[in-house]
Amino acid sequence: MNSNEVKTQKFIIKFFPEVMIKGQKAKRQMVAQIYNNVRTLVKRVSEDITLKKFFDKVEVVCPVQVVPEIRQILVETPGIEQVLEAIQIDDINTLDEIKVKVNDLMAKEIIGKTFVVRAKRTGEHDFKSTNIEQTVGGYMLANNETKGVDLRNAEVTINIELINNQLNIITLKHKGLGGFPLGTQGSILSLMSGGFDSTVASYMTMKRGVKTHFIFFNLGGIAHEIGVKQVAYYLWKRFGSSHRVSFISVPFDDVVTEIFNSTSEPYMGVTLKRVMLKAAEKVANEMKIDALLTGESVAQVSSQTLRNLALIDQFTNKLVLRPLCTMNKPEIMEIAAQIGTKKFAESMPEYCGVISKAPVTHGSYERMEKESSKFDYSVVDKAVENRQITNIDEIIADISEIGQMEVVSNLEETKKYTIIDIRQGQECIKVENQEVLKIPFFNLKKEFKKLPQDKEYLFYCEKGILSQLHGQYLRDAENYTNIKVYRPQESK
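Calculation notes
Residues numbered from 1 in each chain as written. Predicted model: local features only at pLDDT ≥ 70, side-chain atom pairs only at ≥ 80, totals over all residues. Heavy atoms only, no water. UniProt positions renumbered as here; feature names shortened; annotations may be inferred. Patch = residues over 30% accessible without salt bridge, like charges linked within 9 Å, V, L, I, M, F, W, Y side chains within 5 Å. Areas by Shrake-Rupley, 256 points an atom, 1.4 Å probe, with all protein chains shown as cover. Salt bridge = Lys/Arg side-chain N within 4 Å of Asp/Glu carboxyl O. Helix = DSSP H or I, 4+ residues; strand = E, 2+ residues; numbered from the N terminus. Pairing = 2+ DSSP bridges. Contact = heavy atoms within 4.5 Å. Buried < 20%, exposed > 50% of the residue type's maximum accessible area, 1.4 Å probe, protein only.

For the chain, an unreviewed UniProt entry supplies the name tRNA sulfurtransferase and the organism Malaciobacter halophilus. Comment text from UniProt for the chain, heading Sequence similarities (unreviewed entry), reads "Belongs to the ThiI family." For the record of the chain, the UniProt heading Pathway (unreviewed entry) holds the text "Cofactor biosynthesis; thiamine diphosphate biosynthesis."

Printed below as a string of structure tokens:
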């Protein structure tokens, strides 16, 4: 191939089949949306890219230097079923011109192999598609050392399309994301914890063409918020960046404190989910969003039994979508691995799991009403009022600013610390020759400031995650510099 034939690369975008079977008006709208979305995305890479829209495809021609980047964008854009890479040759008029050009460019692919030529033709010509296949195939067979033509099980298929006098030689085929183009199915507000479930659920709505905003309920950790922002940004950047969406952070530590103060322990988990939906509903109403999204799966945890989900939904007037409701954890984790969110989820704490020690699995409607009547919902209103809204494309600066708490594993005899066990419940760690205090994590914000600040403190919990997050919160939000994390070495 000479130099003037490799300056550009052509991509042919084939639409998701469900797009093509829509009525004419809906199909035109979706094709236009795919075109606009693709144009927005590829023009960020290079202005030297041209696009053409047809009723059944979109063509993108780009400089060869940006081919890998454009390919990645196209296969991850909702609404695209297949992406073909092609060599485009213009001003082709005869079968002889076609056979020579195809052989010049593709002969190397068939050496020592069986092959077949498949052709599609559009326009006015004095020959048919079968004539193209026979002529090109015969010419290549006669001019190359091959194992022959095999019409059924060829090792190499030469795919060519002739559109009027333009010849396209298909060199590669890639499976697209499928689904509907983003922006055609309205907007949704995703309750994002950053774990496996909420990230996969958000991906599934984005793939279905739903503009997905994110709401995060911060239970006391700035580090956790940064982690959730990081995975939300990753999802948006990879699958949804043709549209700007919002990331809403709602401070929920006072709400958790109210739950512990007013709610019976078996109903704490269900209550937390109810008030999260209520807060999300208030935000969605202001954003004129019709539905909420969660990553809940039936019976995966205690709050996700059918009865408890009914109790949770009873507390909101919004439509709640649960795309993972019948999926099991391995299936969800497999999707997370495929889309790249597994690495985020594995290090992301799930706060909801620390609410109830003996959670109810089949809650009572009557009992739920009693528990609800004891709750001071003004804390939810205040939390929503204090929310922070950020355009997701502007949060990357936040992600790079977070630090990590220092971890202490060996306690030096000459260095005295005060250990604070932040786990909920009555159990308290015992450490020889060290002062130990018991302050549950949900009381840290209020109680830590009462302690002597000329001492060094170590936060302790079973896995170190809550200690990291709450230590980070107090350091960053309240400027405390005397906090570290205690993670004792495991005994051999």
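From this point, the narrative continues.
Q: Now, about a nonpolar patch on the surface: what can you tell me, with residues and values included?
A: Together, Leu141, Val149 and Leu151 make up a nonpolar patch on the protein surface, roughly 270 Å² of accessible area in all. Tracing the backbone through its elements, the reader meets Val149 in strand E6 (residues 148-149).

Q: Outline the sheet that holds strand E1 (residues 8-15), supporting the account with residue identities and numerical values.
A: Reading across the sheet, the eight strands line up as E2-E3-E1-E4-E8-E7-E5-E6 and stay open at both edges, with mixed pairing between neighbours. Edge positions in the sheet fall to strand E2 (50-53) and E6, since each of these pairs with one other strand and no more. Sheet topology places E2 next to strand E3 (residues 57-63); four bridges connect them, and they run antiparallel. Among the inter-strand pairings, Leu51 is bridged to a residue of E3, identified as Val60.

Q: So what's going on with the environment of Gln489? Residues and values would help.
A: Within the secondary structure, Gln489 sits in the segment after strand E19 (483-486). If we skip the residues at most four places from it in the chain, Gln489 touches Ser409 and Asn410.

Q: Describe the pattern of salt bridges, naming the residues involved and giving the relevant values.
A: A full pass over the atoms with the stated rule returns 26 salt bridges. The shortest N-O distance in the salt bridge between Asp253 and Lys445 comes to 3.6 Å. You can see Asp253 sitting in helix H8 (residues 253-262) and its partner Lys445 sitting in helix H16 (residues 444-447), a full 192 residues away along the chain. A relative accessible area of 14% means that Asp253 is categorised as buried. The exposure class assigned to Lys445 is partly exposed, which follows from its relative accessible area of 38%. Here Glu447 makes a salt bridge to Lys450, at a shortest N to O gap of 3.4 Å.

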